[in-house]
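The chain contents come next:
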Amino acid sequence: MDAGQRKGDFLAVVASNRRIGDTFWKLRLDFAGEAADAFRTFRPGQFVQLDAAGAPLPPAEQIPEALRDTAERQVMLRRPFSFTDLDVQKRKTVGEILYCVVGPATLRMTMLRPGDGIAVIGPLGNGFWVPEGKRTALLAVGGMGTAPLQHLARHLAYDHKEIEATVFAGARTTRALPFERKQDEISQGLGFALPEFSRYGMESFIATDDGTAGFHGFVTDCVRKWLDENHPKPENTIVYTCGPEVMLAAMAKLAAERRIDCQVSMERRMACGIGVCQSCAVECRVPGTGETMYRMCCKDGPVFDAREVVFGTE
Ligand SMILES: Cc1cc2nc3c(=O)[nH]c(=O)nc-3n(C[C@H](O)[C@H](O)[C@H](O)COP(=O)(O)OP(=O)(O)OC[C@H]3O[C@@H](n4cnc5c(N)ncnc54)[C@H](O)[C@@H]3O)c2cc1C
Ligand code: FES
């Protein structure tokens, strides 16, 4: 967490909650008073712990077949979410969460209505940072990994105008891309701009494993192709990435081969979210020793220098 940043347990008020795809929703939360001040400095890649336990389940016919067995499970723990956007206004701070419905908590979140109150702990963890001297940023997104990278895109566009950023967004197939653009427009598109990033003047490329949109293959291969064609200076370049761990590992390997700095946003199941319960361990290298140690994703991360992390695939 940033020095001087104050976290707390706050009550947010739902401003809107709308479906943007098969399983994707956007929730906007208003923070007022002390909460508005606390979230004003929320950095891209930080997260909140949201308490969805009080929200009701959707009616049975609205629960997807795949989630019927788990839907009734009690939601004991708060759930971690990043912000895709942060709007700091005079009297309030608005945080936007893009979420995918995967289980009991996210199912309940779909029932939140404007005006509902919801308890949120934050800001938590350490977000992305911008090292001195960078001029080129590559934002490599895997599926829902787009959430913190959309917030980062805004930060780079407003606060780091010296950096030119390009976005690479990958998913298994077109329908798994968590963007607002209509699905059939996506499947027609080859290298078109994603509005979520073009609004900041950033070029974006799509990659799908099955070739239903954009580059046919893994997003890491799309980044590799771009690097081969564009030859950015390694010392001036940085890769920011968020997505499934296997993709993060591949991205970290590619960046290391090209001597490019890389920051990865790691995901772990979390309980406390504040470094107490030790449930979110990430194995990390101890520089200069050949040894490793466990660091906590919630407190030391979720964003790490990719060189530090020992990925599950190694
Ligand atoms: C730092 C951080 C930021 C996150 N930001 C977002 C976000 O912006 N948008 C979003 O949709 N989701 C985000 N997530 C994931 C989100 O927290 C989970 O999807 C959510 O907790 C699911 O709750 P549930 O009760 O609906 O489903 P659960 O029943 O808890 O989970 C459903 C399935 O997803 C798997 N799963 C859940 N959480 C994780 C995890 N952390 N790592 C690996 N597998 C997991 C479970 O094993 C299970 O198979 C983030 C996670 C972390 C750690
Ligand atoms: S979630 Fe408890 S230590 Fe990280």
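All values reported here derive from a predicted model rather than from experimental measurement.

This paragraph deals with the domain arrangement of the protein chain. By the assigned domains, the protein chain splits into domain 1 (8–124) and domain 2 (136–268). Each of domain 1 and domain 2 was reduced to a C-alpha centroid, and the two centroids are 25 Å apart. At the interface, 13 residues of domain 1 touch 13 residues of domain 2. Sorting the residues of the side of domain 1 that touches domain 2 by element identifies strand 5 (85–88) and strand 6 (92–100) as the ones contributing at least two each. Class assignment of the residues belonging to the side of domain 1 that touches domain 2 gives a composition of seven nonpolar, four polar and two charged.

Further remarks concern the site of ligand 1. In the vicinity of ligand 1 there are 22 residues, among which R79, G103, A105, T106 and A147 approach most closely. When residues of the shell around ligand 1 are traced back to their parent elements, those giving at least two are strand 4 (79–81), strand 6 and helix 2 (104–109). In the shell around ligand 1, the residues fall into 14 nonpolar, four polar and four charged. A domain-level breakdown of the shell around ligand 1 finds at least three residues from each of domain 1 (8–124) and domain 2 (136–268).

Moving on, we come to the pairing of strand 5. Within a regular strand, the side chains alternate between the two sheet faces. Direction of pairing for strand 5 relative to strand 6: antiparallel, over a ladder of four bridges. Looking at the pairing, D87 lines up with V94 of strand 6.

Okay, the sheet that holds strand 3 (residues 47–50) next. Taken in spatial order, the seven strands of this open sheet run 4-3-7-1-2-6-5, and their pairing is antiparallel. The sheet is open, and its two edges are formed by strand 4 and strand 5, each paired on a single side. Put simply, the sheet's adjacent strands are angled 35° from each other on average, direction ignored. Pairing analysis gives three bridges linking strand 3 to strand 4, with the strands arranged antiparallel. Bridge pairing in strand 4 links L50 to R79. The sheet strands contacting helix 1 (residues 33–40) are strand 1 (8–19), strand 2 (24–32), strand 5, strand 6 and strand 7 (117–124), and the helix crosses strand 2 at an angle near 115°. Where helix 3 (residues 146–159) meets the sheet, its contacts fall on strand 5 and strand 6, and the angle it forms with strand 5 comes to roughly 45°.

What counts, and where the lines are drawn
Residues numbered from 1 in each chain as written. Chains lettered and ligands numbered in written order. Predicted model: local features only at pLDDT ≥ 70, side-chain atom pairs only at ≥ 80, totals over all residues. Domains from an automatic or database assignment. Contact = placed C-beta atoms within 7 Å. Helix = DSSP H or I, 4+ residues; strand = E, 2+ residues; numbered from the N terminus. Nonpolar A, V, L, I, M, F, W, Y, C, P; charged D, E, K, R; others polar. Near = placed C-beta within 6 Å. Pairing = 2+ DSSP bridges. Axes fitted to C-alpha atoms, helices over the stretch in contact; angles between N-to-C directions.

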